[in-house]
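For reference, the chains in residue letters:
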Amino acid sequence: MHYTSTEEKLMQEMWQMEIVDAHEHLPPEHVRTDATVDALTLFSHYTRTDLITAGMQAQDYDRMLNPEIPLEERWQIFRPHLDNIRYGSYARPAFIAAKEFYGFDDISDETYRPLSERMQYENTPGIYQRILRQKCHIRVALTQAGRTDYDDDLLVPLMPLDTYGMVASREDIEKKATRFNMEVRSLEDYLAVAREGVAQLKTEGSVGLKTASRPNAAVNRQAAEEIFESILAGEQGGNTQPLRDFLMHEMFEIAADLDMVVAVHTGMWGDFRTLDPKHFIPIFPQHPRTRFDVYHMGMPWVRETGVIGKNFPNVWLNICWCHIISQKMTCSALDEYIDMVPMNKIIGFGGDYGRPVEKVYGHLLMAIEDIAAVLGGRIDRGLMGFDEAVSIANKWLYENPKELYKLNI
Ligand SMILES: [Zn+2]
């Protein structure tokens, strides 16, 4: 990469900063060190989308990552697609990791074997500290792996809002109620259980609840009660949407009462029309005490998301995942956000990875490049001074997520 001299100076400043990584899917470290890793691990997670779209069969993707199949055979499954995906933003952190952590300039027919050996050799306790803390200067990483059993000072969990925001069956209700020695005879009783449950998640360290911007209807408590009672009576089937919508709104209030953040996935996956950030526009003003962290710029609705960030005091815009979806789209949108959104409402980085923890570094590098390009452009056009840009970068990468999530750091 070539940088302007302003970008280069800004990047140097950012590499000195402590970082709050505002979104990961990292499990406790032993999950990673107990697993067998190799060069193909670097093409797991998001890169799957590009491989499948390039033409790889889904079952071949699963075989590619199955350590019981010989590495050579798995490399041959992967190899035909490499040149089609290597220029994408999803793939770049894999190449950065190969170079920065393992000393290989490329991932190729010549290097995949020694790279795999090197990766397995380094896959030992302390790998999170070495990569996240020492290399990336990440003070804490907010993580969503559906668990709260973290025993270090590096990972801080968020849990799915549906943990208590959804009821699947009578057994599910009874199981949750028994956990707190409570009895559920009505929807009102269940709300008391949900409140206890979320309070317990908070005690276990969780700082927020995660949901997604899905289509939803105005709250109809009577319809929700009828559905709940039929589930409680052991009946199945029917449209449960009014109950889901009702519980979602209740969870937003519980989150506010417990001073927890509601993180909202928007955009990108599959039929992304069902994840349009605009589905939540009526919700934000209905819950003014609830703090919403809107993820992923609503890609591709980056501009609409910017307007959401401008208009609602209880909304933050979290740029997690975006830099590895498209650096170009992220930079143009971020520049527009500076025009529209106050600087304390933008959160600049979240790695968004699970097993391939070494890709967090490449993602952080790309985030730092993007922030330097956008702020550097403003400096070079005479719109802000260098020190002002450094202070804004520090807000996006550290102060804003620290303040939003009230992190004790
Ligand atoms: Zn994620």
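A brief report on the enclosed structure follows. All values reported here derive from a predicted model rather than from experimental measurement.

Overview of the sheet that holds strand S5 (residues 208-212)
Piece 1. Across the sheet, six strands lie side by side as S4-S5-S6-S7-S8-S9; this open sheet has parallel pairing. Looking along the sheet, the strands with just one partner apiece sit at the ends: strand S4 (159-160) and strand S9 (346-347).
Piece 2. Here S5 runs beside strand S6 (residues 261-265); their pairing, made up of five bridges, is parallel. In the sheet register, leucine 209 faces S6, and the bridge partner there is valine 262.
Piece 3. Running at roughly 145 degrees to strand S8 (residues 315-318), helix H15 (residues 302-311) makes contact with strand S7 (292-295) and S8 of the sheet.

Comments concerning the sheet that holds strand S1 (residues 19-24)
Piece 1. Spatial ordering of the open sheet is given by S1-S2-S3, a layout of three strands whose pairing is parallel. Where the open sheet ends on each side, the last strands, each with one partner, are S1 and strand S3 (155-157). Across the sheet, the mean angle from the axis of one strand to that of its neighbour is 20 degrees, orientation sign disregarded.

Overview of the pairing of S1
It is a general feature of regular strands that their side chains alternate between the two faces of the sheet.
Piece 1. Counting buried residues in S1 gives six out of six residues, a clear majority hidden from the surface.
Piece 2. By the bridge criterion, four bridges tie S1 to strand S2 (residues 138-143) in an arrangement that is parallel. Across the sheet, valine 20 pairs through a bridge with valine 140, a residue of S2.

A short note on the environment of valine 193
Piece 1. Structurally, valine 193 is set in helix H11 (residues 187-203).
Piece 2. Looking at valine 193, the number of C-beta atoms within 10 Å reads 20, which means it is buried.
Piece 3. A sequence separation of 106 residues divides valine 193 from tyrosine 87, and the C-alpha atoms of the two residues are 49 Å apart.
Piece 4. Other than its neighbours up to four places away in sequence, valine 193 contacts Lys176, Ala177, Phe180, Met182 and Val184.

How each quantity is defined
- Residues numbered from 1 in each chain as written.
- Predicted model: local features only at pLDDT ≥ 70, side-chain atom pairs only at ≥ 80, totals over all residues.
- Pairing = 2+ DSSP bridges.
- Helix = DSSP H or I, 4+ residues; strand = E, 2+ residues; numbered from the N terminus.
- Contact = placed C-beta atoms within 7 Å.
- Axes fitted to C-alpha atoms, helices over the stretch in contact; angles between N-to-C directions.
- Buried ≥ 20, exposed ≤ 12 C-beta atoms within 10 Å, placed from the backbone.

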